[in-house]
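Residue-level structure breakdown
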Amino acid sequence: MGIHAKITGASALTRRRKAAMIVQMLISDGGALSLSDLPDPLQELLTRELGAIRLVDRDTVSAVAEEFVTELETIGLSAPGTRDGAITALADHLSPALAEKLRAQMDAVRNGDHWPRIIDLSVERIVPIMTAESIEICAVVLSKLPVRKAAEVLVKTPGDRARRITYAMSQTAKIAPETVRKIGAALAHDYGTPKPLAFENAPVQRLGAILNATATDTREDVLEGLGAADPDFADDVRRAIFTFKDIAPRVKPTDIPNCLRSVDNDVMATAVAAALAGEPAMVESAEYILKNLSQRMATQLREDAAERGRIKKAEAETAMATVTTAIRDLVETGIITLRDPETEEDADS
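Residues numbered from 1 in each chain as written. Predicted model: local features only at pLDDT ≥ 70, side-chain atom pairs only at ≥ 80, totals over all residues. Heavy atoms only, no water.

1. Some remarks on the pattern of salt bridges
Heads up, the condition is: Salt bridges are defined as contacts in which a side-chain nitrogen from Lys or Arg sits within 4 Å of a carboxyl oxygen from Asp or Glu. Each helix is a run of DSSP H or I of at least 4 residues and each strand a run of E of at least 2, with the numbering of both proceeding from the N terminus. Partly exposed residues are those whose accessible area sits between 20% and 50% of the maximum for their type, while under 20% is buried and over 50% is exposed, using a 1.4 Å probe and protein chains only.
This structure, assessed with the given rule, holds 8 salt bridges. The salt bridge involving Arg 302 is made with Glu 287; its shortest N-O contact spans 3.0 Å. Remark: Glu 287 occurs in helix 18 (residues 280-291) and Arg 302 occurs in helix 19 (residues 295-306); sequence separation between them is 15 residues. Of the residues examined, Arg 302 reaches a relative accessible area of 37% and is grouped as partly exposed. Assessed through its relative accessible area of 33%, Glu 287 is described here as partly exposed.

2. Some words on the layout of surface pockets
Put simply, the test is: Here a cavity denotes grid points, spaced 1 Å and computed from the protein atoms alone, that fit a 1.4 Å probe unable to get out, and a pocket denotes an open set having protein on both sides within 12 Å along at least 5 of 7 lines; residues with an atom within 4 Å of a point are the lining. Grid points are joined across faces, edges and corners, and a volume is the space filled by probe spheres set on the points.
By volume, the largest pocket amounts to about 1000 Å³. In terms of lining residues, the largest pocket is bounded by 30 residues, among which Arg 239, Ala 240, Ile 241, Phe 242 and Arg 250 are the most central. Counting only elements with at least two residues in the lining of the largest pocket, the list comes to helix 12 (203-212), helix 13 (216-229), helix 14 (231-240), helix 15 (247-250), helix 20 (313-332) and helix 21 (341-348). Per element, the largest residue contribution to the lining of the largest pocket is 6 residues, and it comes from helix 12.

3. What about the packing of helix 12 against helix 14?
Applicable threshold: A fitted line through C-alpha atoms represents every axis, and for helices the fit uses only the stretch in contact; the resulting angles, taken between N-to-C directions, go from 0 to 180 degrees. Angle categories: roughly parallel below 35 degrees, roughly antiparallel above 145, roughly perpendicular from 65 to 115, and oblique for all the rest. Left-handed describes a crossing in which the near helix is turned anticlockwise from the far one by less than a right angle; the clockwise case is right-handed. In what follows, residue pairs with any heavy atoms lying within 4.5 Å of each other are defined as contacts. Side-chain classes follow a simple rule in which Ala, Val, Leu, Ile, Met, Phe, Trp, Tyr, Cys and Pro form the nonpolar group, Asp, Glu, Lys and Arg form the charged group, and the remainder, Gly included, forms the polar group.
With their axes 8 Å apart at the nearest point, helix 12 and helix 14 run at an angle of 55 degrees to one another. Taken together, the axes of helix 12 and helix 14 lie oblique to each other. Remark: the crossing between helix 12 and helix 14 carries right-handed chirality. Every residue of helix 14 that contacts helix 12 at Pro 203, Val 204, Leu 207, Gly 208, Leu 211 and Asn 212 is listed here: Phe 233, Asp 236, Val 237 and Ala 240. Residues of the contact of helix 12 with helix 14, tallied by class, amount to 7 nonpolar, 2 polar and 1 charged.

4. What to know about the environment of Ala 188
Mapped onto the secondary structure, Ala 188 falls in helix 11 (residues 177-191). For Ala 188, a relative accessible area of 1% corresponds to the buried category. Considering only alpha carbons, one finds Ala 188 and Arg 117, 71 residues apart in sequence, at a separation of 6.3 Å.

5. What to know about the environment of Asp 329
Counting through the fold element by element, Asp 329 comes out in helix 20. For Asp 329, a relative accessible area of 40% puts it in the partly exposed group. C-alpha of Asp 329 to C-alpha of Cys 259: the two residues are 70 residues apart in sequence and 9.1 Å apart in space.

6. Quick word on the confidence of the model for the protein
Low pLDDT marks stretches whose predicted atomic positions should not be read closely. For clarity, the cut-off: Residue-level confidence of the predictor, termed pLDDT, takes values from 0 up to 100.
Residue-level pLDDT values for the protein average 82, and 79% of them are 70 or greater. Note that residues 1-6 has pLDDT below 50 and, in this model, 9 contacts with residues that lie over four places away or in other chains.

7. Brief notes about helix 18
For clarity, the threshold we go by: Expected span of a helix, by definition, is 1.5 Å for each gap between consecutive residues, and there is one gap fewer than residues.
Taking 1.5 Å of rise per residue, the 12 residues of helix 18 would be expected to cover 16 Å, and the 16 Å separating its terminal C-alpha atoms lies within 8% of that figure. Of the positions making up helix 18, those classed as buried are Met 282, Ser 285, Ala 286, Tyr 288, Ile 289 and Leu 290. Each element contacted by the buried residues of helix 18 is listed here: helix 15, helix 16 (256-260), helix 17 (265-276), helix 19 and helix 20.

8. Looking at the nonpolar core
Which entries qualify depends on this criterion: The criterion is simple. A nonpolar core is a set of buried Ala, Val, Leu, Ile, Met, Phe, Trp, Tyr and Cys residues joined through side-chain atoms within 4.5 Å.
If you look at the biggest cluster of nonpolar residues, it comprises 34 residues, and the most contacted ones within it are Phe 244, Ile 247 and Val 323. Elements with a minimum of two residues in this core: helix 15, helix 16, helix 17, helix 18, helix 19 and helix 20. When near neighbours in sequence (up to four residues on either side) are disregarded, Phe 244 contacts Ala 271, Ala 275, Met 282, Ser 285, Ala 286, Ile 289, Met 320, Val 323 and Thr 324. Leu 121, Ile 126, Ile 137 and Val 180 belong to the second-largest nonpolar core, a separate cluster that totals 25 residues.

9. Points about the side chain of Asp 255
For clarity, the cut-off: Note that His is not counted, nor are the chain ends; the positive residues are Lys and Arg, and the negative ones are Asp and Glu.
Here Asp 255 is to be found in the loop between helix 15 and helix 16. An unpaired buried charge is present at Asp 255: no salt bridge exists, and Lys 252, the closest side chain of opposite charge, is 5.2 Å distant. If near-sequence neighbours (up to four positions away) are discounted, Asp 255 is found in contact with Ile 336 and Thr 337.

10. Here's the deal with the packing of helix 17 against helix 19
Across the interface, helix 17 lies against helix 19 with an axial gap of 8 Å and an inter-helix angle of 70 degrees. Overall, the two elements helix 17 and helix 19 adopt an arrangement that is roughly perpendicular. Taking contact as the criterion, the partners of Met 268, Ala 269, Val 272 and Ala 273 in helix 17 are, on helix 19, Leu 301, Asp 304 and Ala 305. Among the residues making up the contact of helix 17 with helix 19, the classes are represented as 6 nonpolar, no polar and 1 charged.

11. A closer look at a nonpolar patch on the surface
Spelled out, the test is: By definition, no residue in a patch forms a salt bridge, and every one has over 30% relative accessible area; like charges are joined within 9 Å, nonpolar side chains (Val, Leu, Ile, Met, Phe, Trp, Tyr) within 5 Å. Note on areas: Shrake-Rupley, 1.4 Å probe, and residue coverage restricted to the protein chains presented here.
A contiguous nonpolar patch, built from Phe 68, Val 69 and Leu 72 and spanning about 240 Å² of accessible area, is present on the exposed surface. Examined against the element boundaries, Phe 68 turns out to sit in helix 3 (residues 58-74). Take Phe 68: its relative accessible area is 32%, and that puts it in the partly exposed class.

12. Section: the side chain of Asp 246
Rules: By the criterion applied in these results, polar contacts are pairs of N or O atoms within 3.5 Å in which, for protein atoms, one can donate a hydrogen and the other can accept it, and in which residues neighboring in sequence qualify only through two side-chain atoms.
By the element assignment, Asp 246 lies in the loop between helix 14 and helix 15. One buried charged side chain, Asp 246, makes no salt bridge at all; its nearest oppositely charged neighbour is Arg 250, positioned 5.4 Å away. Of note is the side chain of Asp 246, whose polar atom sits 2.8 Å from the backbone nitrogen of Thr 243.

13. Things to note about helix 7 (residues 123-132)
Definition in use: To be clear, the arc concerns the directions from the helix axis to the C-beta atoms.
The set of residues buried in helix 7 consists of Val 123, Ile 126, Val 127, Ile 129 and Met 130. Viewed along the axis of helix 7, the buried residues span an arc of 155 degrees, placing them on a single side of the element. Across from the buried face of helix 7, at angles greater than 90 degrees, the exposed residues are Glu 124 and Ala 132. If you follow the buried residues of helix 7, they end up packed against helix 6 (115-119), helix 8 (135-144), helix 9 (147-155), helix 10 (159-168) and helix 11.

As C-alpha cells, this is what we get:
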C-alpha cells in the first residue's frame, strides 16, 4: 500500500509514529511547539515520521491521544533532560558571569565546537591529556589554550614530552578546521565530564595524611622504602607531609601566633622542649616559633619548656603532632597558606 498507507490500530504503531501523530494533532489544534529546542537528528526523525502519515482512522487517533494523556498524568516531575535544557532552566538563577559562560558553551557545542569545554578544564585536568594522548593531539590542545594556561600546562608536562609537543606545534599550520573540531569533540567526550572517583583525594594526599599521624620511625621507614621503589612519588609524598621540623621553612612568620592559639600552653611547652633537645631541624623550628611570638609569650614559653626536663619520646611526638595538626587545620580551612621552599628557591635564583 506504500508509505502513505492508511493507519488503523494504535497497538501496531511505534512510539516515534505516535509522537508524530501527537505533534500533528497539536499543530492542527493551533498549538505552539518549540521543536527547535530538540537536537537536529530528532527533528529530522520527527519530520520523516510525520511525512509517512497520510490517513488515520478516528479510533486509532483517539487511542493514541488517550495513551498520551495517560502518560502525562502519571508523570510526577518533568526536568530538562539535557545539558542545554538545564542551562536554559537555571540561567536566571545562576550568577550572571557563570550563566553567560554556560550559554556560550551551549551555543558553541550546538555549532559543533566542543573546545570551550576543554579550555575551561583546570590545569590539573588538562595535564593528563598531555601525557596520555598522541604528541600531535597534544600540540593541537596546547595551540587552542589561552597563552597563560598553556604555559602552566607546559610547565607541568614532563620535560622530554613537553619539548616534543612544542616541536609538533610547528606542524599544525595546515591542519584542517574540521579535523580540529573532531579532535575537540573526542576530547570533550573523554575528558569533559569528570569520571567518578573512588577516593576524594589523590594518593599523595591520602598517604601524606596517614604519615602525618604516624610515629617518626615508621614514617621514615616507609619513606625510605618508597624512595627505593618510586623516587618521584616519594618526593611528592614528602612534600605532602607536614611535621614539626617543617614549621620553620613552611609557615609564614606572621601566621605563627594564629597557628598556636588553639594549642594548650602545657602541650606547646612540651613540644618546644622536645624540639630544642632534638635534631637541628627541630631546634630551628622551635627557635622560629619563639622568635615570631611576642617577647612576653616567648620568654614564658621558653621558661616553661626549660622546666620540663627530659621528655619521653612518645610524649614528645604527641605534643608535636598536636601543634602540627592545629597548623594543618588552618591550612585546610584556608585561613593560612604554607610556603613551598622549592618554589621560593627557584624564584630567588
